[in-house]
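Fold and geometry: a report
This is what each chain is made of:
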Amino acid sequence: MKVALVHDHLAQAGGAEKVLQAICEMFPDATIFTLLYEPENVDKHFKNRRIRSSIIQRLPGGVKHYQWYMPLMPMAVEFFNLKTYDLVISDASAFAKGVITGTNTLHICYCHTPTRYLWDYTHEYIEELRFNKYFKKIISLVLNYIRIWDKSAADRVDYYIANSKTIKSRIAKYYRRTSEVIYPPVDMDRFKVADSQGEYFLIGGRLAPYKRIDIAVKAFKELGWPLKIFGDGIDLGRLQEMASRADNIEFLGRVSEEQKAELYKNSKAFINPQEEDFGITVVEAMACGRPVIAYKKGGATETVIEGQTGLFFNEQSVASLIECLRRFKEDSFSREAIRLHAEQFSTEKFKKQMAETIQREYERFKNGHEYLN
């Protein structure tokens, strides 16, 4: 069976790229098609893989400033010639699902989310852009065109796998398609449980406004408790200014995977104030036996068990988070029990579920099963 893997873009090492890594291990001979890639990222995580990039890769600023070329991305992904492949697996949160496949090719999409800036997050996305109102109007028109394409592209997929029940609901809402849930993989071997109590609270990832890290900064500035923040992003400057003169809040910048594992292991708890599609950092923290304090919405409601692996706060507000933090008692949680709970999201389980689903659907496809919207 000849297999192709399609990924939006290999420009960062995030949760989607970890899913791609696991699928690559399942299909070591598969070619990767992607809109663009950063060579240093590829060399580290996808060494010796056959990678085919789109025309975006060769345009001025196509790698470092790929957002400029969003209007061209639908066309670019459709240029990939996949007619000789038996199976195409797209790993998508935006454009990858829009590839065109032949009648003899099964297309399975592992969907991280229907493109958020086109659907449920579009108004917030426009508002957060640092442009004047006239340029924002132009961007709105572009997004309208891409939204029409996105729905058409979604219809090209034969079978959907959602990365959480939250995303399963969004796929049904925006694409009018059914899907199967297989949670993303976490490499449990990279995370260890510490014997000692934690030293600080931890939060981090990509620092963007929708992550609502500002809630945690304000809460810990008021409480005076130690908070470490890892990661980088467009919201860094605003958050640093917000935390000014608060010696208890430390910004660590980008950290390696090894450093991140140590940060999880030595923390009191991990803070998750955002609504995530799945939230892999939450599971990584639990893999280190650390409880999670999370906003009760989105993927966290599927991974955190109230009172056993963490606590929930009900409103995305400073007051609600502070109330939850005051209820938190680290010694009321079992590190071993939290780690055991996290193991259900292991890479091994992900590969097993994916292999079973792919085999089942490929046999159905070859036996003439028709995939209808």
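Residues numbered from 1 in each chain as written. Predicted model: local features only at pLDDT ≥ 70, side-chain atom pairs only at ≥ 80, totals over all residues. Heavy atoms only, no water.

Quick notes on empty space enclosed by the protein
In this structure the tally under the stated criterion is one cavity of 30 Å³ or more. Put simply, the largest cavity is a space of about 30 Å³. Grouping the constituent residues of the lining of the largest cavity by class yields two nonpolar, two polar and three charged. (1 Å grid on protein atoms, 1.4 Å probe; cavity = no way out; pocket = protein on both sides within 12 Å on 5 of 7 lines; lining within 4 Å. Points joined across faces, edges and corners; volume = space filled by probe spheres on them. Nonpolar A, V, L, I, M, F, W, Y, C, P; charged D, E, K, R; others polar.)

Some thoughts on the packing of aromatic side chains
Counted according to the given criterion, the structure contains 20 aromatic pairs. When the ring of Phe-278 is compared with that of Phe-345, the centres are 5.9 Å apart and the planes differ by 65°; the resulting orientation is edge-to-face. Note that Phe-278 is positioned in the loop between strand 11 (267-272) and helix 10 (280-287) and Phe-345 in the loop between helix 13 (335-342) and helix 14 (347-366), a separation of 67 residues in sequence. Judged by relative accessible area, Phe-345 falls into the buried class, the value being 2%. Positioned over the ring face of Tyr-85 is Lys-2, at 4.7 Å from the centre of the ring. For Lys-228, the ring lying beneath its charged end belongs to Tyr-200, and the centroid distance is 5.1 Å. (Phe/Tyr/Trp six-rings, centres within 6.5 Å; stacked < 30°, edge-to-face > 60°. Helix = DSSP H or I, 4+ residues; strand = E, 2+ residues; numbered from the N terminus. Buried < 20%, exposed > 50% of the residue type's maximum accessible area, 1.4 Å probe, protein only. Lys NZ or Arg CZ within 6 Å of the ring centre and 35° of its normal.)

Here's the deal with the sheet that holds strand 3 (residues 51-53)
Within the open sheet, the seven strands sit side by side as 3-2-1-4-5-6-7. Their pairing is parallel. Taken across any chain shown, the strands that pair with only one partner, and hence form the sheet edges, are strand 3 and strand 7 (180-181). Two elements, strand 6 (residues 159-162) and strand 7, share two bridges in a ladder whose sense is parallel. Paired with Ile-161 across the strands is Glu-180, a residue of strand 7. Lying over the sheet, helix 1 (residues 15-26) contacts strand 1 (3-7), strand 2 (31-34), strand 4 (87-92) and strand 5 (106-111), oriented at roughly 175° with respect to strand 1. Here helix 6 (residues 165-175) sits on the sheet and contacts strand 5, strand 6 and strand 7; the angle it forms with strand 6, its principal contact strand, is near 140°. (Pairing = 2+ DSSP bridges. Contact = heavy atoms within 4.5 Å. Axes fitted to C-alpha atoms, helices over the stretch in contact; angles between N-to-C directions.)

Quick look at the nonpolar core
A general trend in soluble globular proteins is that nonpolar side chains are found buried together. Counting 57 residues, the largest nonpolar core has Phe-201, Ile-271, Ile-293 and Leu-321 as its most contacted members. The dominant element in this core, judged by the number of residues it contributes, is helix 7 (residues 213-223), at seven residues. Ignoring sequence-local partners within four residues, the contact set of Ile-293 consists of Phe-201, Ala-269, Phe-270, Ile-271, Asn-272, Leu-311, Phe-313, Leu-321, Cys-324, Leu-325 and Phe-328. Core analysis: the second largest hydrophobic core is formed by 40 residues, Phe-80, Val-99, Val-157 and Ile-167 among them. (Core = buried A, V, L, I, M, F, W, Y, C linked by side-chain atoms within 4.5 Å.)

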